[in-house]
Amino acid sequence: MELILLIILAGSAVTAVFLHDLLKSALSLILASIVLAIIFFMKNAAYAGVFEISVVAGLIMVLFIAVISMTKHEGILLRESGFPLILFPVIFSLFAVAGIFVINRLMLQVNAGNTLQGTFGQFLWEKRTLDLAGQAAVILAGVIVVLSLFRKGKEDE
Amino acid sequence: MNNLTLDLVFAAGLVFLGLYCLLFMRNIIKLLIGVEIIAKGVTLGFISGGFARDSVFLAQCLVITVIVVEVSVMAAALAIVIRLYRHNDSLDIRRLTRLKG
């Protein structure tokens, strides 16, 4: 079951990259997000799954589709010709093997540390408080950046 | 091949696909799609690692942080894309040479 979901995830990510139409790419990315959220649910990570669906598949994709509709479709796929596609599986295999080797080595050093006590809310508020402060700061910074980018200047008037 | 290794293969594949997109695409929106795909690979790696090491709570906290940062980055980047499109009337990354020295 999980293998099928992973294949659908990879397939929708590939179509998001290689489709000519940007709108179809964005829709394919939404499918990838939903499949990823289902995988999260299967791994007992319900909160991450909810965030993936509501924020990534919802909010970010709405932003993407709004920007695609505000900009003219350029139609053609603008791809550099310097990278022969036949090398793609070879380099991908090297990348995957290196990733597995490095991450498996790193995994042995991670402490499993009794994090399953209590609820997720307690863990988030009591042990990861600094993360929450950082997230608030990042959101504030994002809002300020967007407001400053859309501020009307002399050129616009 | 156990579940963790399988997940890590697909996570590495997603990161590689995103890097490929960043390196070889010219459309700015496609580049942002590449960033999204890299983030998906990273979050899949986090959750799989957390599940395998019995630290799902910690993995979820990290994933939520990654998603929040991703939202801010995307909002700022898409706002920049709109400004650039109004200036250059194109989404081609190679036309953005005004800052070139």
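See above for the structure.
Calculation rules
Within each chain, residues carry numbers counting from 1 in the order of the written sequence. The naming scheme follows written order: chains are lettered A onward, ligands numbered 1 onward. Totals for whole chains, interfaces and linings use every residue, but because this is a predicted model, local features are given only for residues with pLDDT of at least 70 and side-chain atom pairs only at 80 or more, for both listing and counting. Side-chain measures here rest on the full set of heavy atoms in the structure, leaving out hydrogens and waters. Strands here mean DSSP runs of E at least two residues long; helices mean DSSP runs of H or I at least four residues long; both are numbered from the N terminus. Two things to know: the radius of gyration comes from C-alpha atoms, and the globule rule equals 2.2 Å times the number of residues to the power 0.38. Here a residue-residue contact requires only that any non-hydrogen atoms of the pair lie within 4.5 Å. We get accessible surface area from the Shrake-Rupley algorithm with a probe of 1.4 Å; when it comes to residues, only the shown protein chains can shield them. Residues belong to a common nonpolar core when they are buried Ala, Val, Leu, Ile, Met, Phe, Trp, Tyr or Cys residues joined through side-chain atoms within 4.5 Å. Only protein chains enter the accessibility calculation, which uses a 1.4 Å probe; a residue is then buried when its area is under 20% of its type maximum, exposed when over 50%, and partly exposed in between. To get an axis, a line is fitted to the C-alpha atoms, and for a helix only the part in contact is used. The angle between two axes follows their N-to-C directions and goes from 0 to 180 degrees. With respect to orientation, any angle under 35 degrees is reported as roughly parallel, any angle over 145 as roughly antiparallel, any angle of 65 to 115 as roughly perpendicular, and every other angle as oblique. Throughout, a crossing is termed right-handed when the near helix is turned clockwise from the far one, and left-handed when it is turned anticlockwise from it by less than a right angle. Charged residues are taken to be Asp, Glu, Lys and Arg, nonpolar residues to be Ala, Val, Leu, Ile, Met, Phe, Trp, Tyr, Cys and Pro, and polar residues to be all remaining types, Gly included. Note: buried area is the sum, over both parts, of the accessible area (probe 1.4 Å) each one loses when the two are combined. Polar contact is the term for a pair of N or O atoms within 3.5 Å; when the atoms are in protein, one must be able to donate a hydrogen and the other to accept it, and sequence-neighboring residues count only if both atoms are side-chain atoms.

### Quick look at the overall build of chain B
Looking only at helices and strands, one finds three helices and zero strands in chain B. Put simply, chain B runs from its N terminus to its C terminus through helices and strands in the order α-α-α. Relative to the globule expectation of 13 Å for 101 residues, the C-alpha radius of gyration of chain B, 17 Å, shows a markedly less compact shape. Here the C-alpha coordinates of chain B stretch approximately 50 × 25 × 20 Å along the principal axes. Relative to all contacts within chain B whose residues are 6 or more apart in sequence, the contacts with residues 24 or more apart total 55%. Counting only carbon and sulfur atoms, one obtains 64% of the accessible surface of chain B, whose full area is about 3,900 Å².

### A short note on the nonpolar core
One finds L9 and F64 of chain A together with I29, I37 and L44 of chain B to be the most contacted residues of the largest nonpolar core, which totals 56 residues. Broken down by secondary-structure element, the contributors of at least two residues to this core are α1 (2–18), α2 (22–42) and α3 (46–70) of chain A together with α1 (3–24), α2 (28–52) and α3 (56–88) of chain B. Looking at which element gives the most residues to this core, the answer is α3 of chain B, with eleven residues. Excluding anything up to four places from it in sequence, L9 of chain A contacts A32, V35, L36 and I39 of chain A together with L14 and L44 of chain B. Membership of the second largest hydrophobic core comes to seven residues, among which are L132 of chain A together with F57, C61 and I64 of chain B.

### Some details on the packing of α1 of chain B against α2 of chain B
All names here are of chain B. The N-to-C vectors of α1 and α2 enclose an angle of 165°; their axes lie 8 Å apart at closest approach. Judged on the interaxial angle alone, α2 and α1 are roughly antiparallel. With respect to the hand of their crossing, α1 and α2 are arranged in left-handed fashion. Grouping the constituent residues of the contact of α1 with α2 by class yields 17 nonpolar, six polar and three charged.

### Concerning the interface of chain B and chain A
Taken together, the contact between chain B and chain A spans 70 residues of the former and 81 residues of the latter. Summed over both sides, the interface between chain B and chain A buries roughly 7,100 Å², with carbon and sulfur atoms accounting for 76% of that surface. In terms of surface lost to chain A, no three residues of chain B exceed F16, R53 and F57 of chain B, which account for 11% of the buried area on that side. At the junction of chain B with chain A, the criterion picks out twelve residue pairs in polar contact (both at pLDDT 80 or more). Listed by contribution, the elements that provide at least two residues to the side of chain B that touches chain A are α1, α2 and α3 of chain B. The greatest single-element share of the side of chain B that touches chain A, amounting to 27 residues, is contributed by α3 of chain B. Residues that form the side of chain B that touches chain A fall into these classes: 44 nonpolar, 13 polar and 13 charged.

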